[in-house]
Amino acid sequence: IYEQPVVVAQTLRAYLRRMENEVAMPDMDFDLGAVKRITIVACGTSFYAGMVAKYWFETFARVPVDIDVASEFRYRNTPLFRNSLFFVISQSGETIDTLAGLREAKRKGYKVLAVNNVVGSSIAREADGGIYQHVGPEIGVASTKAFTSQLLIGAMLALYLGRLRDMSFSDGTEYVRALKGVPDLVRRTLEQAPHIKEIAKRYAHYHDFLFLGRLSLFPVALEGALKLKEISYIHAEGYPAAEMKHGPIALISEQCPSVFFVPAGDMFNKIVSSMQEIKARKGRIIAVATTNCELPPGLADDIIRIPECHEAVLPIVATIPVQLLSYYIAVELQRDVDKPR
Ligand code: BG6
């Protein structure tokens with residue numbers, strides 16, 4: 001977790017062409033400018049990185065994206081579109097379902113691009129083009145720095161694809177400025193650790209959690225829930241914040257706290273109204289909120305502040321508090337975070 005400011009800087013250094021304010025992608029034997037559609041396939045945390053990437057590719061590059069978990073994709077015989085790019089994400093490069101998905105796509109004649117952290121892995125060898133994460137080994141089962149670096153590569157790829165299409169020079173420049181700021185944003189967010197540790201102590205005894213976010217922060221909510229499950233063995237679910245009222249709301253009580261992602265912007269009022277629904281049912285709320293949004297007094301029981309930032313980097317910054325929360329809850333429960341079940 002604490003390596004992240006350094007490793008995201010490494011990922012940036014590898015692909016950001018500083019002078020030209022652009023991203024440089026490694027040589028690949030296909031033309032990214034001709035791509036009309038993208039299919040992303042991955043498992044677990046890497047799948048959630050893919051969900052964020054889908055949001056960015058569609059928002060900033062205006063390329064439609066389909067996404068599937070690899071274990072479903074490989075058996076589903078999904079129709080693929082010509083001129084579509086097949087994109088796999090795998091930290092280890094050895095996850096068998098992701099590898100099988102890649103082989104299935106290649107068999108059908110598609111070009112495969114892989115984001116992967118392990119040089120020479122099976123997925124790296126079999127893909128037509130690869131982007132290495134350069135973050136060093138993930139020691140435990142739970143992916144942390146590998147996830148934020150997958151997000152960063154997704155954000156860079158969205159910029160690259162966007163600039164090949166209709167993203168303006170000035171929007172591109174602003175985007176690059178945001179990317180360059182990521183190591184510092186991550187460092188500043190990590191400074192919240194003592195505060196998050198205190199919160200974790202107060203919440204470690206709960207047996208159920210909801211993680212709620214919207215748009216690009218919905219996959220971060222899924223990742224927050226997965227981290228809590230993986231290392232502390234507490235039941236947790238991630239949901240799009242407004243979808244919570246269609247079922248999961250039945251679970252809300254004093255016994256089921258919710259972690260809400262609350263950025264300033266268009267969705268702010270809608271997120272506040274979802275929080276009010278939780279409060280009306282006596283649910284406790286931990287808000288992960290950007291510094292520029294003012295929450296109605298008393299709505300959140302605890303607030304973790306994250307720096308205000310560009311949409312293209314917000315999911316990266318918002319991930320840090322939920323990693324720390326899971327970590328400190330697991331430690332409080334005396335779980336072995338280095339060797340989880
Ligand atoms: C699972 C791990 O087994 O594999 C997850 O528990 C991980 O943490 C997933 O995200 C996918 O791994 P990879 O190496 O393909 O990214």
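Rules of the game
Residues numbered from 1 in each chain as written. Predicted model: local features only at pLDDT ≥ 70, side-chain atom pairs only at ≥ 80, totals over all residues. Heavy atoms only, no water. Near = heavy atom within 4 Å. Polar contact = N/O pair within 3.5 Å; in protein donor to acceptor, adjacent residues only side chain to side chain. Areas by Shrake-Rupley, 256 points an atom, 1.4 Å probe, with all protein chains shown as cover. Nonpolar A, V, L, I, M, F, W, Y, C, P; charged D, E, K, R; others polar. Buried < 20%, exposed > 50% of the residue type's maximum accessible area, 1.4 Å probe, protein only. Helix = DSSP H or I, 4+ residues; strand = E, 2+ residues; numbered from the N terminus. Pairing = 2+ DSSP bridges. Phe/Tyr/Trp six-rings, centres within 6.5 Å; stacked < 30°, edge-to-face > 60°. Lys NZ or Arg CZ within 6 Å of the ring centre and 35° of its normal. Salt bridge = Lys/Arg side-chain N within 4 Å of Asp/Glu carboxyl O. Expected span 1.5 Å × (residues − 1). Axes fitted to C-alpha atoms, helices over the stretch in contact; angles between N-to-C directions. Contact = heavy atoms within 4.5 Å. Parallel < 35°, antiparallel > 145°, perpendicular 65-115°, else oblique. Left-handed = near helix turned anticlockwise from the far one by under 90°.

Chemist: I'd like a description of the site of the ligand, backed by residues and values.
Modeler: What surrounds the ligand is the set Cys 43, Gly 44, Thr 45, Ser 46, Ser 90, Gln 91, Ser 92, Thr 95, Val 141 and Glu 230. Here an oxygen atom of the ligand and a side-chain polar atom of Ser 46 are 2.5 Å apart. Between an oxygen atom of the ligand and a side-chain N or O atom of Ser 92, the distance comes to 2.6 Å. Surface burial for the ligand is 72%, taken as the share of its 400 Å² of free accessible area covered by protein chains. Residues that form the shell around the ligand fall into these classes: 2 nonpolar, 7 polar and 1 charged.

Chemist: Can you explain the pairing of strand β10 (residues 258-262)? Please cite residues and give values.
Modeler: Most of β10 sits out of view: 5 of its 5 residues are buried. On β10, burial covers both faces: Ser 258, Phe 260 and Val 262 on one face and Val 259 and Phe 261 on the other are all buried. Here 5 bridges tie β10 to strand β11 (residues 285-290), and the two strands are oriented parallel to one another. Pairing of Phe 260 across the sheet is with Ala 287, part of β11.

Chemist: Can you explain the packing of aromatic side chains? Please cite residues and give values.
Modeler: Taken as a whole and assessed by the stated rule, the structure comprises 8 aromatic pairs. Arranged with centres 5.1 Å apart and planes meeting at 45 degrees, the rings of Phe 73 and Phe 86 form a pair that is tilted. With Phe 73 in helix α3 (residues 70-76) and Phe 86 in strand β5 (residues 84-90), this residue pair connects regions lying 13 residues apart in the sequence. Note on accessibility: Phe 73 and Phe 86 belong to one class, buried. Taken together through their ring pairs, the aromatic side chains of Tyr 203, Tyr 206, Phe 209 and Phe 211 make up a single cluster. Sitting over the face of the ring of Phe 81, Arg 37 holds its NZ or CZ atom 4.2 Å from the ring centroid. One residue, Arg 341, lies across the ring of Tyr 233, its end atom 3.8 Å from the ring centre.

Chemist: For the pattern of salt bridges, give the residues involved together with the corresponding values.
Modeler: Per the counting criterion, the structure on display carries 15 salt bridges. The partner of Glu 3 in a salt bridge is Lys 145, and the shortest N-O contact between them spans 2.7 Å. Of this pair, Glu 3 sits in the segment before α1 (4-15) while Lys 145 sits in helix α6 (residues 145-164), and the two are 142 residues apart along the sequence. A relative accessible area of 6% places Lys 145 in the buried class. Residues Lys 201 and Glu 198 are paired through a salt bridge, measuring 3.8 Å at the closest nitrogen-oxygen approach. Within this pair, Lys 201 and its partner Glu 198 are both found in helix α9 (residues 193-203), separated by 3 residues, close to a single helical turn. Overall, the relative accessible area of 41% leaves Lys 201 in the partly exposed class.

Chemist: Please provide a residue-by-residue account of helix α2 (residues 44-61), values included.
Modeler: Given 3.6 residues per turn, any residue in an α-helix points the same way as the ones three and four places further on. Under the 1.5 Å per step criterion, the end-to-end length of α2 is 25 Å for 18 residues, consistent within 8% with the ideal 26 Å. Of all 18 residues in α2, 14 are buried, a share of seventy percent or more. Immediately downstream of α2, the backbone of Arg 62 shows phi near 55 degrees, a positive value.

Chemist: Quick rundown of the sheet that holds β10? Include the residues and the values.
Modeler: One open sheet accounts for 5 strands, arranged β9-β8-β10-β11-β12; its pairing is parallel. Bordering the open sheet on either side are β9 (235-240) and β12 (302-306), each of which pairs with just one other strand. On average, each strand axis in the sheet is tilted by 20 degrees relative to the strand beside it, whichever way the strands run. Bridging between β11 and β12 involves 5 bridges; their strand directions are parallel. Along β12, the bridge assignment pairs Ala 287 with Ile 303. Packing of helix α11 (residues 268-280) onto the sheet brings it into contact with β8 (208-213), β10 and β11, and relative to β10 it is tilted by some 165 degrees.

Chemist: Please give an account of the sheet that holds strand β6 (residues 112-116) that cites residues and values.
Modeler: Consider a sheet: its strands pair through backbone hydrogen bonds, and that pairing is either parallel or antiparallel. Strand order across the open sheet formed by 5 strands is β4-β3-β5-β6-β7, with parallel pairing between neighbours. Since the sheet does not close on itself, it has two edges, and those belong to β4 (65-69) and β7 (129-132), each with one partner. Sheet twist, expressed as the mean angle between neighbouring strand axes with direction ignored, is 20 degrees. Pairing geometry for β5 and β6, over 5 bridges, is parallel. Across the sheet, residue Phe 86 finds its bridge partner in β6, namely Val 112. Of the strands in this sheet, β3 (37-42), β4 and β5 touch α2, which is tilted by about 175 degrees from β4.

Chemist: For unusual backbone geometry, give the residues involved together with the corresponding values.
Modeler: The backbone phi angle of Asn 83 is positive, close to 60 degrees, even though this residue is not glycine. Among the secondary structure elements, Asn 83 is positioned in the loop between α3 and β5.

Chemist: Account for the packing of α2 against helix α10 (residues 218-232), with residues named and values stated.
Modeler: In the contact formed by α2 and α10, the axes pass within 8 Å of each other and the chain directions differ by 165 degrees. Classified by the angle their axes make, α2 and α10 are roughly antiparallel. At the point where α2 passes α10, the crossing takes the left-handed sense. Together, Gly 44, Thr 45, Tyr 48, Met 51 and Val 52 of α2 and Phe 218, Pro 219, Leu 222, Glu 223, Leu 226 and Lys 227 of α10 make up the contact between the two elements. Looking at the contact of α2 with α10 residue by residue, the classes come out as 7 nonpolar, 2 polar and 2 charged.

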